[in-house]
Amino acid sequence: MLNRRNFLTAAVGVAAAGGLAACAKEDSGSNSSSSGGGSKAITLGFSQVGSESGWRTANTDSVKEAAKEAGYTLKFSDAQQKQENQISAIRSFIAQKVDVIAFSPVVVTGWDAVLKEAKAKNIPVVLTDRSVETSDDSLYVTLVGSDFTDEGRRAAKILEKVLEKAGHKGAVKIAQLEGTTGAAPAIERAKGFKEVMEAKHKDDWKIVVSQTGDFTRAGGKQVMAAFLQSNPDINVLFAHNDDMAIGAIQSIEAAGKKPGKDILIVSIDGVKDGFVAMSEGKTNAIVECNPLLGPQLMDVVKKVKDSETVERWIKTEEGDFMQDQAKAALPNRKY
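Residues numbered from 1 in each chain as written. Predicted model: local features only at pLDDT ≥ 70, side-chain atom pairs only at ≥ 80, totals over all residues. Heavy atoms only, no water.

In the annotation of an unreviewed UniProt entry, the protein is listed under the name ABC transporter substrate-binding protein and assigned to Streptomyces sp. 900116325. You can read under Sequence similarities (unreviewed entry) in the UniProt record for the protein the words "Belongs to the bacterial solute-binding protein 2 family." (UniProt positions renumbered as here; feature names shortened; annotations may be inferred.)

Visitor: Outline the overall build of the protein, listing residues and values.
Guide: Scanning the protein from N- to C-terminus turns up 10 helices and 13 strands. Relative to its 335 residues, the protein shows a buried fraction of 56%. Put simply, the protein shows about 14,000 Å² of open surface, and 47% of that area lies on carbon and sulfur atoms. (Helix = DSSP H or I, 4+ residues; strand = E, 2+ residues; numbered from the N terminus. Buried < 20%, exposed > 50% of the residue type's maximum accessible area, 1.4 Å probe, protein only. Areas by Shrake-Rupley, 256 points an atom, 1.4 Å probe, with all protein chains shown as cover.)

Visitor: I'd like a rundown of the packing of aromatic side chains, residues and numbers included.
Guide: Per the stated rule, a full pass over the model turns up 4 aromatic pairs. Put simply, the rings of Phe193, Trp205 and Phe238 pair up and form one aromatic cluster. Sitting over the ring of Phe76, Lys64 keeps its end group 4.5 Å from the ring centre. (Phe/Tyr/Trp six-rings, centres within 6.5 Å; stacked < 30°, edge-to-face > 60°. Lys NZ or Arg CZ within 6 Å of the ring centre and 35° of its normal.)

Visitor: Residues and numbers for the environment of Gly179, please.
Guide: Relative to the helices and strands, Gly179 is located in the loop between strand S9 (172–178) and helix H5 (184–200). Spatially, the C-alpha atom of Gly179 lies 8.4 Å from that of Thr216, the residues being 37 residues apart in sequence. Ignoring anything within four residues of it in the chain, the contact list for Gly179 reads Ala186, Thr212, Asp214, Phe215, His240 and Met244. (Contact = heavy atoms within 4.5 Å.)

Visitor: Account for the pattern of salt bridges, naming residues and giving values.
Guide: Under the counting rule described, the total for this entry stands at 19 salt bridges. By sharing partners, the salt bridges in this structure join Glu52, Arg56, Asp129 and Arg130 into a single network. (Salt bridge = Lys/Arg side-chain N within 4 Å of Asp/Glu carboxyl O.)

Visitor: Kindly report on the pairing of strand S13 (residues 285–289), identifying the contributing residues and their values.
Guide: Counting buried positions along S13 yields 5 of 5 residues, so the element is predominantly enclosed. Both faces of S13 are covered, namely the face carrying Ala285, Val287 and Cys289 and the face carrying Ile286 and Glu288. The pairing of strand S12 (residues 264–269) with S13 spans 4 bridges and is parallel. Along S13, the bridge assignment pairs Val266 with Ala285. A crossover connection joins S12 to the parallel S13 through helix H8 (residues 272–279); in handedness this β-α-β unit is right-handed. (Pairing = 2+ DSSP bridges. Right-handed = clockwise from strand over helix to strand, strands pointing away.)

Visitor: An account of the side chain of Thr128 is needed here, citing residue identities and associated values.
Guide: Here Thr128 shows up in strand S7 (residues 125–129). Setting aside residues no more than four positions away along its own chain, Thr128 makes contact with Phe46, Phe103, Ser104, Pro105, Leu143, Val144 and Leu293.

Visitor: Requested: an account of the side chain of Asp242, with residues and values cited.
Guide: With respect to the secondary-structure elements, Asp242 resides in helix H7 (residues 242–254). Each residue touching Asp242, except ones within four places of it in the same chain, is listed here: Ser267, Ile268, Asp269, Gly270, Val271, Gly274 and Ile286.

Visitor: Explain the environment of Lys261 residue by residue, including any values.
Guide: Its location among the elements puts Lys261 in the loop between H7 and S12. Along the primary structure Lys261 and Thr283 are separated by 22 residues, whereas in three dimensions their C-alpha atoms are 8.5 Å apart.

Visitor: Would you mind going over the confidence of the model for the protein in detail, with residue names and values included?
Guide: Residues at a pLDDT of 70 or more form 80% of the protein, whose mean pLDDT is 86. For the stretch residues 28–38, pLDDT sits under 50, and the model shows 18 contacts to residues farther than four places along the chain or on other chains. Every residue in residues 308–319 scores below 50 in pLDDT, and together they form 35 contacts with partners more than four places removed in sequence or on other chains. (pLDDT = per-residue confidence, 0-100.)

Visitor: Quick rundown of helix H4 (residues 148–166)? Include the residues and the values.
Guide: The α-helix advances 3.6 residues per turn, and as a result positions three or four apart in sequence lie on the same side. With 19 residues, H4 extends 26 Å from end C-alpha to end C-alpha; this agrees with the ideal 27 Å at 1.5 Å per step. Those residues of H4 lying buried are Phe148, Thr149, Asp150, Glu151, Gly152, Arg154, Ala155, Ala156, Ile158, Leu159, Val162 and Leu163. Its side-chain oxygen placed 3.3 Å from the backbone nitrogen of Thr149, Asp147 serves as the N-cap of H4. A positive phi of about 70° marks Gly167, the residue just after H4. (Expected span 1.5 Å × (residues − 1). Polar contact = N/O pair within 3.5 Å; in protein donor to acceptor, adjacent residues only side chain to side chain.)

Visitor: Got a sec to walk through H5? Specific residues and values, please.
Guide: Here H5 spans 24 Å end to end across 17 residues, near enough to the 24 Å set by a 1.5 Å rise per residue. Restricting attention to buried positions, one finds in H5 the residues Ala184, Pro185, Ala186, Arg189, Gly192, Phe193, Val196 and Met197.

Visitor: Tell me about the packing of helix H2 (residues 83–95) against helix H3 (residues 112–120), and name the residues and values.
Guide: The N-to-C vectors of H2 and H3 enclose an angle of 10°; their axes lie 10 Å apart at closest approach. With respect to each other, H2 and H3 are oriented roughly parallel. Facing Ile87, Ile90, Arg91 and Ile94 of H2, the residues of H3 in contact are Ala113, Val114, Glu117 and Ala118. Its residues placed into classes, the contact of H2 with H3 shows 6 nonpolar, no polar and 2 charged. (Axes fitted to C-alpha atoms, helices over the stretch in contact; angles between N-to-C directions. Parallel < 35°, antiparallel > 145°, perpendicular 65-115°, else oblique. Nonpolar A, V, L, I, M, F, W, Y, C, P; charged D, E, K, R; others polar.)

Visitor: How would you sum up the packing of H4 against H5? Please name residues and give values.
Guide: In the contact formed by H4 and H5, the axes pass within 6 Å of each other and the chain directions differ by 45°. Relative to H5, H4 is oriented oblique. Both H4 and H5 take part in a crossing whose hand is right-handed. Facing Phe148, Thr149, Glu151, Gly152, Arg153, Ala155, Ala156, Lys157, Leu159 and Glu160 of H4, the residues of H5 in contact are Ala184, Pro185, Glu188, Arg189, Lys191, Gly192, Phe193, Glu195, Val196 and Lys200. (Left-handed = near helix turned anticlockwise from the far one by under 90°.)

Visitor: Lay out the nonpolar core with the relevant residues and their values.
Guide: Core analysis: the biggest nonpolar cluster contains 25 residues, and Leu159, Ile174, Phe193 and Trp205 have the highest contact counts within it. At 7 residues, the largest contribution of residues to this core is made by H4. Ignoring anything within four residues of it in the chain, the contact list for Leu159 reads Ile174, Phe193, Trp205, Val236 and Val266. Counting 20 residues, the second largest nonpolar core, distinct from the first, contains Ile234, Ala239, Ile249 and Ile263. (Core = buried A, V, L, I, M, F, W, Y, C linked by side-chain atoms within 4.5 Å.)

Below, the structure is given as structure tokens:
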């Protein structure tokens, strides 16, 4: 069996780049085919967080396309950012006796009961994108995802470059747009950023206001408007994803300020719209978190099904990109 400490980590690079709850959506579309010799196609149950951002949409597309390419039967459920929907989806997959369950957990805690149900039925569970906290490490097999803590560190380090390039002098007053409360990327990105800030910038950097924008553009816009009301002297925004940063840009402009100049902006993800904002000078730097995890996930699913051990660590770094390089990078951005 795979050990949960073996991670497949995808694209953590710095770039400027059926019994489901009534409101859950399930797509039981069959992408089935056999791999030859009369072997049974793998049936994969996959529960997605939702469709809160451009990153998430690209991630869903990657999973669906990769499952089709691999010849797996994919049973897909959209949890619409609700843990109860996701738990219902996993129980539905168990009842349908799928071969493997994969899911991107809405939040970190609260999974032990349903994971024990899967284990009791000998259905292996693979986490994708996000981690969980459990009382028993054997309740899931492995994680296919990114190092969110390192992304937070990278955001702080690239902010150093942004401040230097902007010729900024004096106090750095940071507004932080957090991801969904309790979600692994929100917790870990904040942690990594704070590590660097406390180690190197105790005297000159301060997070003056921090609140969740729920990883959405609407949330980023609404919360940033409130930030500017309570703290009009903010000069840096650290957003846990591009969509919140893009929403925040609207509020910054509505307040008569210039995003990317009056307020320097660093975010995480690397979606196309983030690059567009950067090419327009409205955001300064982005730490990339690649959403195209589908092929790696299908590879792991096969290995899990075949009881093989995953020992690879996949990590790519595309380099540091900032505003002046955004236009050159933009044509290659597929998500």
